[in-house]
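A structural walkthrough
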Amino acid sequence: MVVRQGIVSRLLVDLWTERVAEKGIWLHLMRTNCSKPDVFLEPETLDLFFDLYHSLPSVLSQLALSCLVQFASTRRSLFSNPERAKYLGNLIKGVKGILENPQGLSDPGNYHEFCRFLARLKTNYQLGELVVVKDYPEVIRLIASFTITSLQHWEFAPNSVHYLLTLWQRMVASVPFVKSSEPHLLDTYAPEITKAYITSRLESVPMVIRDGLDDPLDDTATVFQQLEQLCTVSRCEYEKTCALLVQLFDQNAQNYQKLLQPSSRNPMALSIQEGRLAWLVYLVGTVVGGRLTYTSTDEHDAMDGELSCR
């Protein structure tokens, strides 16, 4: 294991990361002394790190993923347009391989680094570049499934969810600017991400109350950060988001009214309904507050009104 640690550490020597704060976002830059980025363009280079991830024990495989985060952060100026497309294709192929064999992601360290890796792809590449990659349709499906599973297991690695929501937020925000004729498929998957977040948070309430778990709502900073990201995602196919929230709010409000009747008094059930309604108030406020004037339509305004009157 010491030898393996030394090998991975040696592979990190030539990678140098400089963090620059710009508009509150940390941008990772990788410097190289190569006059031409041929070493990065060779598929074998990225394959080496993906192979290390798949073959090393988890204590070391997360270092390989950390290296891949830096590879995904390579400055765009190092490549011509064809070279950049080739490089992105190799990265996407590696993502597909990890998601098709997800056993290693059960390790919290691997899971966290992989979430960072996914977010870095959208930070460094435009949606128009991603959609023309050969494996994009299959990879975006796999990423959506991975995200939904992660949101459903809300108690596992909550700090990593930030990176997944960052990915989807930036993908959806880029839709108006995509000029490619290739389908981005976000109108299919973004509503599923929104639904998974909403339903998983409502389903967390009984477990928090009955099992005495930490209440995610107590961490207001994290909740507000996630909701700010979700509001962008929720505006994709907004009618689906609105219909879901109206249905859930009306259903839970009716249940709450029934529990207030003297004959139906149940303190635990009442607390559960109050917790669900608290989440729904936050969620409704989030999606309505995410309204953008330049993209708003009369239909969306009507939906916002329907939600606000709740």
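Quantities reported herein were computed from a predicted structural model and do not represent experimental measurements. (Residues numbered from 1 in each chain as written. Predicted model: local features only at pLDDT ≥ 70, side-chain atom pairs only at ≥ 80, totals over all residues. Heavy atoms only, no water.)

**Re empty space enclosed by the protein**
Within this structure, the stated rule accounts for 1 cavity of 30 Å³ or more. The computed volume of the largest cavity comes to approximately 110 Å³. Taken together, Ile92, Leu118, Leu121, Lys122, Leu130, Tyr136, Val139, Ile140, Ile143, Leu167 and Met171 form the lining of the largest cavity. Within the residue set of the lining of the largest cavity, elements represented by two or more residues are α6 (108–124), α8 (136–152) and α9 (158–174). (1 Å grid on protein atoms, 1.4 Å probe; cavity = no way out; pocket = protein on both sides within 12 Å on 5 of 7 lines; lining within 4 Å. Points joined across faces, edges and corners; volume = space filled by probe spheres on them. Helix = DSSP H or I, 4+ residues; strand = E, 2+ residues; numbered from the N terminus.)

**Quick look at the packing of aromatic side chains**
All told, the structure shown has 9 aromatic pairs when counted by the stated rule. A centroid spacing of 5.7 Å and a plane angle of 55° characterise the contact between Tyr111 and Phe146, whose relative ring orientation is tilted. Note that Tyr111 is positioned in helix α6 and Phe146 in helix α8, a separation of 35 residues in sequence. Each member of the pair Tyr111 and Phe146 is classed as buried. One aromatic cluster is present, formed by Phe50, Tyr111, Phe114, Phe117, Phe146 and Phe156 through successive ring pairs. One cation-aromatic arrangement involves Arg201 over Tyr197; the distance from NZ or CZ to the ring centre is 4.3 Å. The ring of Tyr238 has Arg235 lying over it, and the distance from NZ or CZ to the ring centre is 3.9 Å. (Phe/Tyr/Trp six-rings, centres within 6.5 Å; stacked < 30°, edge-to-face > 60°. Buried < 20%, exposed > 50% of the residue type's maximum accessible area, 1.4 Å probe, protein only. Lys NZ or Arg CZ within 6 Å of the ring centre and 35° of its normal.)

**Some thoughts on the packing of helix α5 (residues 81–100) against α6**
Where α5 contacts α6, the axes come no closer than 12 Å and their chain directions differ by 150°. Comparing their axes, α6 and α5 come out roughly antiparallel. Crossing hand, α5 versus α6: left-handed. Taken together, the residues of α6 that come into contact with α5 (itself represented by Leu88, Leu91, Ile92, Val95, Ile98 and Leu99) are Phe114, Phe117, Leu118 and Leu121. Taken together, the residues of the contact of α5 with α6 break down into 10 nonpolar, no polar and no charged. (Axes fitted to C-alpha atoms, helices over the stretch in contact; angles between N-to-C directions. Parallel < 35°, antiparallel > 145°, perpendicular 65-115°, else oblique. Left-handed = near helix turned anticlockwise from the far one by under 90°. Contact = heavy atoms within 4.5 Å. Nonpolar A, V, L, I, M, F, W, Y, C, P; charged D, E, K, R; others polar.)

**Here's the deal with the pattern of salt bridges**
Counted under the stated rule, the structure contains 5 salt bridges. In this structure, Glu129 engages Arg84 in a salt bridge whose closest nitrogen and oxygen atoms are separated by 2.9 Å. One end of the pair, Glu129, is in helix α7 (residues 127–130); the other, Arg84, is in helix α5, with 45 residues separating them in the sequence. Overall, the relative accessible area of 17% leaves Glu129 in the buried class. We classify Arg84 as buried; its relative accessible area is 9%. A salt bridge links Asp135 to Lys96; the nearest nitrogen and oxygen atoms lie 3.8 Å apart. On the criterion of sequence distance, the pair formed by Asp135 in the loop between α7 and α8 and Lys96 in helix α5 is long-range, its members being 39 residues apart. (Salt bridge = Lys/Arg side-chain N within 4 Å of Asp/Glu carboxyl O.)

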